[in-house]
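Examining the three-dimensional arrangement
The lines below spell out each chain.
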Amino acid sequence: MIAENLITLAALIRRERDSLLAQWRQEVRQLSVAHNLDVPTLNDHIPDLLDELADELEAYSDESMIGELKKNSVIHGLDRLRIGFDIEEVVAEYNALRGVIQDLIERHNLSLRGPVNRTINRVIDMSIGLAVKTYATQKAVEIQQRREEHLAFVAHDLRSPLAAIAMAAQLLERTVPAVVKDERAATLLETMHRNVRRLNLLVVKVVEEDANLKAKVNEKVVRREVNVRELVEVLVSDLSPLAEASSLSLSNNIPEEMTAFVDASMLTLIFQNLISNAIDYTPNGEVIIGAREIKESATIECWVSDNGTGIPADRLEKVFDKLETDPDKKSGMGLGLAIVKQFVEAHGGQVAVDSELGQGSTFRFTIPCKAGVGLEQQ
């Protein structure tokens, strides 16, 4: 009787395979993530799993099926993560298949006890376990990668303000007359120097430890209207000690009423990286920040232009790549321009660079000037 039930159920699964899949799809489509999936994507490896279950019922063995199930279920877990299933939804779709098989058994008055029940549960539970394990492992890897990359980006963005603080302290020390410096003032200046050096070493260490970053930062863009000139004016003031140390002029030529619809903190970091980069390569020169509105596309084109050393032609296509550094600059981290590119693209914009050796460089990027352009406000 047991063998007969196993063989009968296997034959029913093969014969009614399409109707079982249709019933299963009807159940799974109740999950919001599966509402609009096409049939091949929704089915994924479930048709093969039904065939494997039928094979298992016909050749009942406690040790069979492990290799084939592992391969298909691992791929299924990765595919479901890519589509946007959460882990509960992955489990739910397998349990829906379990329910469909149980309905089939009841309709044909078969026994669900003993080997039949054990075989069905073993095959489906094994699939659940492998899919969930793969899903959870990959999810954890992606989260860790995003955290590490974000940490590296934050660490990189600390370098410019730290350099500005250090330079301001040095200028203060040189310009304040010795007669007004008392022991306490000297101590405070030395404390500032010491802690800036300490922080800079920590930042370098963090970036170096995350040198193999490969994931995207999943930054949330919080957009609002921002006066671009005012935002840049604050940066020009903060970075002026670095400009003075390099004997260069720093000019903000952005129109006074220029308004963008952007994430202010991201735009600040975009300009900060571009201006700091221009200062590094333009001793005794000029750095100009400008912008213009492009009415046809409701965007603003911004640029940071310098008359510095320029970029070799063979490096132009790589300057925005993560961890791409100038071999002549030992302190470069290879993240600044990658941050610029990523944050601009997060707004739906584009970045570009024109440069000529010995003549200077101009970095350009576009951002939306009103709501509805680029990404939706989040």
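Residues numbered from 1 in each chain as written. Predicted model: local features only at pLDDT ≥ 70, side-chain atom pairs only at ≥ 80, totals over all residues. Heavy atoms only, no water.

Here the structure, examined in full by the defined rule, presents eleven salt bridges. Here Asp18 ties to Arg17 by a salt bridge, and the two come within 3.9 Å at their closest N and O atoms. Residue classification places Asp18 among the exposed positions, given a relative accessible area of 57%. In this structure, Arg364 and Glu301 form a salt bridge, with 3.9 Å as the shortest nitrogen-oxygen distance. Placement of Arg364 in strand 7 (residues 360-368) and of Glu301 in strand 5 (residues 299-306) is noted, with a sequence separation of 63 residues between them. (Salt bridge = Lys/Arg side-chain N within 4 Å of Asp/Glu carboxyl O. Buried < 20%, exposed > 50% of the residue type's maximum accessible area, 1.4 Å probe, protein only. Helix = DSSP H or I, 4+ residues; strand = E, 2+ residues; numbered from the N terminus.)

Attention now moves to the environment of Glu89. For Glu89, the position within the fold is in helix 6 (residues 87-107). If near-sequence neighbours (up to four positions away) are discounted, Glu89 is found in contact with Leu31, Ser32, Val33 and Gly84. (Contact = heavy atoms within 4.5 Å.)

Mapped onto the secondary structure, Ile339 falls in helix 11 (residues 336-346). Note on Ile339: relative accessible area 0%, which makes it buried. C-alpha of Ile339 to C-alpha of Phe320: the two residues are 19 residues apart in sequence and 8.3 Å apart in space.

Our next topic: the nonpolar core. Counting 52 residues, the largest nonpolar core has Leu250, Phe271, Ile289 and Phe365 as the members making the most contacts within it. Looking at which element gives the most residues to this core, the answer is helix 10 (residues 264-280), with ten residues. Contacts of Phe271, omitting those with residues within four sequence positions, involve Val228, Leu231, Val232, Leu235, Ile254, Ile289, Cys302, Val304 and Phe365. Judged by nonpolar contacts, the second largest core, of 38 residues, contains Leu21, Leu81, Ala96 and Val116. (Core = buried A, V, L, I, M, F, W, Y, C linked by side-chain atoms within 4.5 Å.)

The next thing to look at is the packing of helix 9 (residues 228-245) against helix 10. Across the interface, helix 9 lies against helix 10 with an axial gap of 10 Å and an inter-helix angle of 35°. Like other packed secondary-structure pairs, helix 9 and helix 10 cross with a definite hand, here right-handed. Note on element contacts: helix 10 touches helix 9 through Ala264, Leu267, Thr268, Phe271, Gln272, Ile275, Ser276 and Ile279, opposite Val228, Leu231, Val232, Leu235, Leu239, Leu242 and Ala243. When grouped by side-chain class, the residues that make up the contact of helix 9 with helix 10 number twelve nonpolar, three polar and no charged. (Axes fitted to C-alpha atoms, helices over the stretch in contact; angles between N-to-C directions. Left-handed = near helix turned anticlockwise from the far one by under 90°. Nonpolar A, V, L, I, M, F, W, Y, C, P; charged D, E, K, R; others polar.)

This paragraph deals with the packing of helix 2 (residues 17-28) against helix 4 (residues 46-58). Between helix 2 and helix 4, whose axes approach to 11 Å, the crossing angle comes to 130°. Relative to helix 4, helix 2 is oriented oblique. Handedness of the helix 2/helix 4 crossing: right-handed. For the pair helix 2 and helix 4, the contacting residues are Arg17, Leu20, Leu21 and Trp24 in the first and Ile46, Pro47, Leu50 and Asp51 in the second. For the contact of helix 2 with helix 4, a count of residues per class yields six nonpolar, no polar and two charged. (Parallel < 35°, antiparallel > 145°, perpendicular 65-115°, else oblique.)

Quick look at the pairing of strand 7 now. Most of strand 7 sits inside the fold, with seven of its nine residues counted as buried. Relative to strand 7, strand 5 is paired through eight bridges, and the arrangement is antiparallel. Each bridged residue has a counterpart across the sheet, and for Thr299 the counterpart in strand 7 is Pro368. As paired strands, strand 6 (residues 351-356) and strand 7 are joined by six bridges and run antiparallel to one another. What sits directly across from Glu356, in strand 7, is Gly360. (Pairing = 2+ DSSP bridges.)

For Gly99, the location among the structural elements is in helix 6. With a relative accessible area of 23%, Gly99 lands in the partly exposed category. Separated by 72 residues in the primary sequence, Gly99 and Glu27 place their C-alpha atoms 9.5 Å from one another.

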